[in-house]
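Per-entry structural report
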Amino acid sequence: MLSDKSDGCCSTHLIDGDGVFNVAGVENFIKEVKLAECGLSYAIVSIMGPQSSGKSTLLNHLFGTNFREMDAYKGRSQTTKGIWMARCVGIEPCTLVMDLEGTDGRERGEDDTTFEKQSALFALAVSDIVLINMWCHDIGREQAANKPLLKTVFQVMMRLFSPRKTTLMFVIRDKTRTPLENLEPVLREDIQKIWDSVPKPQAHAETPLGEFFNVEVVALSSYEEKEEQFKEQVASLRQRFFHSIAPGGLAGDRRGVVPASGFSFSAQHMWEVIKENRDLDLPAHKVMVATVRCEEIAHEKYDSFTANEEWCQLKEAVQSHPVGGFGKKLSTILNTCLSEYDAEATFFDEGVRSTKRKQLEEKLLQFVQPAYQSMLGRIRSDTLERFKEAFDKELKGGIGFAMAAHECTVSFMSQFDEECADAVIDQAKWDSSRVRDKLKRDVDAHISEIRTAKLAEVTTLYETKLNDALAGPVEGLLDGAADDTWPAIRKLLQRETDTALSGFSAALSGFEMDEQTRENMVLRLKDYARGVVEAKAKEEAGRVLIRMKDRFSMLFSYDSDSMPRVWIGKENIRAITKTARSASLKLLSVMAAIRLEDERDSIENTLTIALSDGGASTKKGIASLDPLASSTWNEVSASKTLITPIQCKSLWKQFNTETEYIVTQAIAAQEASRRNNNWLPPPWAVVALLILGFNEFMTLLRNPLYLGVIFVAFLLVKALWVQLDISGEFRNGALPGLLSLSTKFLPTVTNLLRRLAEAGQRKANNEPQHNTTSASSEENRGEYSSPSMHDRMK
């Protein structure tokens, strides 16, 4: 017997191809791996499956073993003979793996399946975990999935051994595009059917499969075509074998486990018992022949059906669109296939023939069911699309929403029922109610979605109208801030709300909603209108200081004719300031709270008493009597308060501070104007000048030349006064006026003298021209008079 040990992996030929148990080799193997020291902390894993299905390759990648693999270039042939055992590398606890000879091999022939059944039964009896290796494309087939073998093994195992819970892990190789969640139910259903069909002892007649087996399903990609992906998936699967005997692990059920030291004897005894059981491989000849032949016929008819050209065309067509007469066409194809089976299997055992026919029919129906479901899905999706188009068209045509929804739903659900009846297969009793229910849910969901969108569209329309009708006017009314501001806002709100609700209620009538829902939507629209006013009021309250300053500036700086005031000294600045501040205080009182109900409050009186003339109580320093030392108004709730009393006091203080400069500037301008208009000396100075200057005045009267000089000097001074704008320069103060005149004096004098010189020059130039013109006129006049004189002389 062969034994191999390399790279930490130790292996042995447990049972050879002739069924001989390698006692010595197993003993040496147990010593090499020190299995006897493990007690119960070890696990046994085995793998079975069709020949050349890649079992050894999977084990080598999964557990780091070195089982001999098939050489793909030499063709498909038997590589593993008998049963080999090896220790998994790097997996704790100690895990042993058995590689079984492939089933359905040509080397042993069609009839000699005894060893296959014996080895499979041995693996199930000894192992904690059994890997069943199978190709993805073999799912649903009988032999490739080891169904007959498992059926026999289940039955004999319960009779030979005490029950222990074994994990059956189906490893699907070369996984196709079909999702694992679609493949797994098929395998689980097949295993359950096998279990249900196995005759059981009385003690286990009602025992479920889960009491004996845990069924796991995994899928791996192709090793040859997707090697990297295959290795990644195997590495992930390898992790599940770590601590496999822990509770909840793959080998978590340790009932009846044999201690490691007795494994060799236990395994040898089990193999002997299995080999001596003759009932395991000798079914009744008649039943066996009928079974094999009927299975062959059924397999042929199944393959014939799958290759049927008419079926292939029908299957391909249904993937893109609903096919008329689908049920009738497919029923005819199925009936032809089953009739051919009946004709060829008519002389075999009736029981077997009927069983295999039923299996063939179930298999065919299972095969065509995806196409049937696809057909129903196409009908459903096509009906839904046509419903959406028709429903949209009805709505655009002006029909009421509820009426359009009802008519379209009834019409298209009826169409769906007719098309589903056309797709029914005679051999199957499949129910299309689930698809119909899904269509109804989709239709209802679409109606609900459109209904929600339409209601939202109507609501948005009227909300926009309310916003446009209220926001601007409310802002204008609040900006005007007078005693009738809030009554005007209430009247505006009532008028616009009534107008909007009238149209909104009419728009909702087409939806046929219950009264409660309708009232709720109307109330929400009314609340929205109120919210627009309140939001605008809050927005304007946030700008109240700016509004107060603007109003003060307008009333203070402009007169009743909206003309800018010129402070010439006659205006009553105190009265104007008081009027402007009173108007600003009115604005503050209007903005202090929302008054959408006709309720009286004393906010304006409180502000007037507390803030007018600085507030008497504040001046006296009696803080406890200050009516604004609070965060709430007596008659107004907190939800309607826009500006609290303490905030009003702060705003008024800031307002006075920021407007004080305007008043100060007006007072300064008025004083400057008064000074500029009162430039004459005092009366006593005039009298003193007359008394003290009497002699000089008499001198001027005696010498008129002085008067001429003084007159000329007066004219020059007057010209300089006008040119320099002395009164204007001194309007802003003496020092700024002197500085300005000092810079303008010399240029002004120079400019004045230049003008006088130019005027004198123009006068001198005009006199000679006048003389020349006079001489020319006399000459012309003489020439003109000469003929007359000549005539008179004649």
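As a reminder, the structure under discussion sits directly above these lines.
Worth saying up front: this structure is predicted, and the values here are computed from it rather than measured. (Residues numbered from 1 in each chain as written. Predicted model: local features only at pLDDT ≥ 70, side-chain atom pairs only at ≥ 80, totals over all residues. Heavy atoms only, no water.)

Looking now at helix 3 (residues 114–126). The end-to-end C-alpha distance of helix 3 is 18 Å, a good match for the 18 Å that 13 residues give at a rise of 1.5 Å each. Counting buried positions over the 13 residues of helix 3 gives 13, a clear majority of the element. (Helix = DSSP H or I, 4+ residues; strand = E, 2+ residues; numbered from the N terminus. Expected span 1.5 Å × (residues − 1). Buried < 20%, exposed > 50% of the residue type's maximum accessible area, 1.4 Å probe, protein only.)

Burial analysis of helix 2 (residues 55–63) places 8 of its 9 residues in the buried class, which makes it a mostly covered element. Every buried residue belonging to helix 2 is among K55, S56, T57, L58, L59, N60, L62 and F63, and all of these are buried. On its buried side, helix 2 packs onto strand 3 (42–48), strand 5 (94–100), strand 6 (129–135), strand 7 (166–173) and helix 6 (227–238). Among the residues trailing helix 2, G64 stands out with phi positive, at a value near 75°. (Contact = heavy atoms within 4.5 Å.)

Next up on the list: the pairing of strand 8 (residues 213–219). A large share of strand 8 lies buried, amounting to 5 of its 7 residues. Pairing of strand 7 with strand 8 involves 7 bridges; the strand directions are parallel. Bridge assignment links M169 to a residue of strand 8, and that residue is E216. Note that the unit made of strand 7, helix 5 (residues 180–197) and strand 8 has a crossover that is right-handed. (Pairing = 2+ DSSP bridges. Right-handed = clockwise from strand over helix to strand, strands pointing away.)

Our next topic: the packing of aromatic side chains. On inspection of all chains with the given rule, the structure shows 17 aromatic pairs. Aromatic pair F552 and F556: ring centres 5.4 Å apart, planes at 10°, arrangement stacked. Of this pair, F552 and F556 both sit in helix 16 (residues 544–557), separated by 4 residues, roughly a single helical turn. Taken individually, F552 and F556 each receive the classification buried, so the pair is uniform in this respect. Grouped by ring-pair contacts, the aromatic residues F387, F391, F401, F412 and F511 constitute a single cluster. Of note, K363 hangs over the ring of Y302, and the distance from its end group to the ring centre comes to 4.3 Å. The ring of Y462 is capped by K465, whose NZ or CZ atom sits 4.8 Å from the centre of that ring. (Phe/Tyr/Trp six-rings, centres within 6.5 Å; stacked < 30°, edge-to-face > 60°. Lys NZ or Arg CZ within 6 Å of the ring centre and 35° of its normal.)

We now examine unusual backbone geometry. The phi angle of most residues is negative, glycine excepted, and most peptide bonds adopt the trans form. A cis amide bond links E92 with the next residue in sequence, P93, at an omega value of -5°. Tracing the backbone through its elements, the reader meets P93 in the loop between strand 4 (83–87) and strand 5. The phi dihedral of K34 falls on the positive side, at around 55°, and the residue is not glycine. With respect to the helices, strands and loops of the structure, K34 is situated in the loop between helix 1 (23–33) and strand 3. Here the phi dihedral of S562 falls at roughly 65°; this positive angle occurs in a residue that is not glycine. Turning to its location among the elements, S562 is positioned in the loop between helix 16 and helix 17 (573–591).

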